Amino acid sequence: MSEFKYPRELRLLTGGDFQQVFDNVSLKVPDRHILILARPNGLDHPRLGFVISKKNVRHAVKRNRVRRIMRESFRLNQHNLPPVDILIMARKGIDELEKDELHRLAKKCWSRLRKKAKQAST
RNA sequence: GGAGUUCGCCAGACAGUCGCCGCUUCACUUCGGUGGAGGGGAGGAAAGUCCGGGCUCUACAGGGCAGGGUGCCAGAUAACGUCUGGGCGGCGCGAGCCGACGGAAAGUCCAACAGAGAGUAUACCGCCUAAGUAUCUUCGGAUACCGGUAAGGGUGAAACGGUGCGGUAAGAGCGCACCGCGUGACUGGCAACAGCUCACGGCGAUGGUAAACCCCACCUGGAGCAAGACCAAAUAGGGGGGCAUUUACGCGUGGCCCGCGCGGCCCCCGGGUAGGUCGCUCGAGGUGUGCGGCGACGCACAUCCCAGACGAAUGGCUGUCCAAGACAGAACCCGGCUUACAGGCCGACUUCCGCA
RNA sequence: GGGGAUAUAGCUCAGUUGGAUAGAGCACGGCCCUUCUAAGGCUGUGGUCGAGGGUUCGAAUCCUUCUAUCCCCG
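These figures come from a predicted structure and were not determined experimentally.

**Focus: the confidence of the model for chain A**
Here is step 1 of the chain: The predicted model of chain A averages 86 in pLDDT, with 98% of residues at 70 or higher.
Here is step 2 of the chain: Predicted as a complex, the structure gets a pTM of 0.81 and an ipTM equal to 0.84.

See the structure below:
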């Protein structure tokens, strides 16, 4: 039985973790509202981190909303993802999306990420 | 019932389910944790960082200068630029609301353009005068210069108290009355201040600015939880105690000058960046009752524990209901101010209309 | 989270302390010069002085509230 929890092991925790992703980007999933950077992490599960700047999303409430919804989608789809470190960077205008739009956006990005990871490994 | 003023409060609710972060407790444990149960988990502004305080380090913050702040009076408070009550001024029929509201006679400063004149004021037009000088003359006088005048016109943001009477050549606080203003008494008030009170001053010390400098009174050292403390790899060298020296110089305490600490000798101790732990939430705390006070608030008793994260929790999905949910997310903590904001509720009051 | 600074013409900046005309360079338009262009000369256009409120007779300037941008502290 697979679990859908979100413990600390599934997060990028330190500045070093983030820097490693930035330095060794092997997968990129660009979109109009977000940019996903990723690299294989050698573990048996993916890890997630966020970069949402104050410049792109002005209000803290909106930054929290974007992060929470994307994180929730990651939590529910974690077993369909390759073992990579994922970095989600928000772009301008993402705070204008509705809740269901964000969910659709996340699902779309996960499938694109899966595809690219498969291509890269072969 | 309409219109309005004011005070306080609320900030979608409930259920299911999948997650996240602390706490309490029980069990297991390879002492790293794992599991069960219980309970808690953003705001009135958490925001801006505009003030004030706690806390920490610097000397348990000391003197002087500079700088900064506050600015009617009294009180509340840990403190404040906040709040309460009062005074004064302004707005409103009113309930009420608004006000950086000390001093311009200590000094510096400003008054562009316009205007005759803008500072111990001024004579452009006008008004008056006909003594003097001059011209004309119908010999009555007329006019120009000189002179008097701040009532009227005009300029300006501002032109030197206002109205009336007297007065005068015409005028003028020149004189008088009333009003305004100033000064000193007296009375009331802790005070700000007030007064159908009394006396004095003719107001010629022009007006404006103190949100220009300034004066007066009071307040104020600096930095900030990335403060600071502790545990601890590599690498570079440091810290504590005692004694001595305080003359010079250097460094630190960061506006400057004092002052203070360090430097020298002896003894002792390994040091502290990555990382980790603490600081970190029980507090000028909430709620209720009673008492004191017009009130802000204070006191007493009872009762409650109510976020504490650290790449950073407080969320996603589904359903039901309604008046269809605004502004918006804690990061050391409080007290204020300011700014943003859908809608709704309780109380008090004002005014208009109708009915009795 | 905390501390600090800036905003003036299309661009880079003066002017702000000490109040009364908003100015310089580059750019742009016109004319001159040249066979033409560049350079040079003459001349002109262009400003809600970041926004709102206040003080004042008068505010880019003084006070205050907001907005935007930038920098520093691990």
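Having seen the model, we can carry on.
**Some points on the protein's contact with RNA strand C**
Here is step 1 of the chain: Near RNA strand C, the surroundings consist of Lys 54, Lys 55 and Arg 58.
Here is step 2 of the chain: Between RNA strand C and the protein, one listed contact pairs a phosphate oxygen with a side-chain N or O atom of Arg 58 at 2.4 Å.

**Let's talk about the sheet that holds strand β1 (residues 27-30)**
Here is step 1 of the chain: Spatial ordering of the open sheet is given by β1-β2-β4-β3, a layout of 4 strands whose pairing is mixed. Each edge of the sheet is formed by a strand with only one pairing partner; in this case those strands are β1 and β3 (47-51). On average, each strand axis in the sheet is inclined to that of its neighbour by 15°, with strand direction left out of account.
Here is step 2 of the chain: Pairing between β3 and strand β4 (residues 84-90): 5 bridges, direction parallel. Its bridge partner lying in β4, Phe 50 is registered against Ile 88.
Here is step 3 of the chain: Against the sheet, helix α2 (residues 60-77) contacts β2 (34-40), β3 and β4, and its axis sits at roughly 165° relative to β3.

**Focus: the nonpolar core**
Here is step 1 of the chain: Core analysis: the largest hydrophobic core is formed by 29 residues, its most contacted members being Ile 86, Ile 88, Trp 110 and Leu 113.
Here is step 2 of the chain: Elements represented by at least two residues in this core include exactly β1, β2, β3, α2, β4 and α3 (99-121).
Here is step 3 of the chain: A total of 7 residues in this core trace back to one element, the largest contributor, which is α3.
Here is step 4 of the chain: Apart from residues no more than four positions distant in its own chain, Leu 113 is found in contact with Leu 27, Val 29, Ala 38, Leu 81, Val 84 and Ile 86.
Here is step 5 of the chain: Judged by nonpolar contacts, the second largest core, of 6 residues, contains Phe 18, Val 21, Leu 35 and Leu 37.

What counts, and where the lines are drawn
Along each chain, residues carry numbers from 1 onward, in the same order as the chain's sequence is written. Numbering of ligands from 1 and lettering of chains from A proceed in the order in which they are written. Where local features are concerned, this predicted model is filtered to residues with pLDDT of at least 70; where side-chain atom pairs are given and counted, the filter is 80 or more; whole-chain, interface and lining totals use all residues. For side-chain calculations, the full set of non-hydrogen atoms in the structure is used, while hydrogens and water are omitted. pLDDT is a residue-level measure of predictor confidence that goes from 0 to 100. The nearness test applies per residue and asks whether one of its heavy atoms lies within 4 Å of the molecule or strand. Polar contacts, as counted here, are pairs of nitrogen or oxygen atoms within 3.5 Å of one another; within protein the pair requires one atom able to donate a hydrogen and one able to accept it, and residues that are adjacent in sequence qualify only if both atoms are side-chain atoms. In short, DSSP must find at least two bridges between two strands for them to pair. Helical segments are the DSSP runs of H or I of at least four residues, strand segments are the runs of E of at least two, and each set is numbered from the N terminus. Comment: axis = line fitted to C-alpha atoms, over the contacting stretch for helices; angle = value between 0 and 180 degrees taken between N-to-C directions. By definition in these notes, contact holds between two residues if any of their heavy atoms fall within 4.5 Å. By nonpolar core is meant a set of buried Ala, Val, Leu, Ile, Met, Phe, Trp, Tyr and Cys residues that side-chain atoms within 4.5 Å join together. Partly exposed describes any residue whose relative accessible area lies between the buried limit of under 20% and the exposed limit of over 50%, with all areas from a 1.4 Å probe on protein chains only and scaled to the type maximum.

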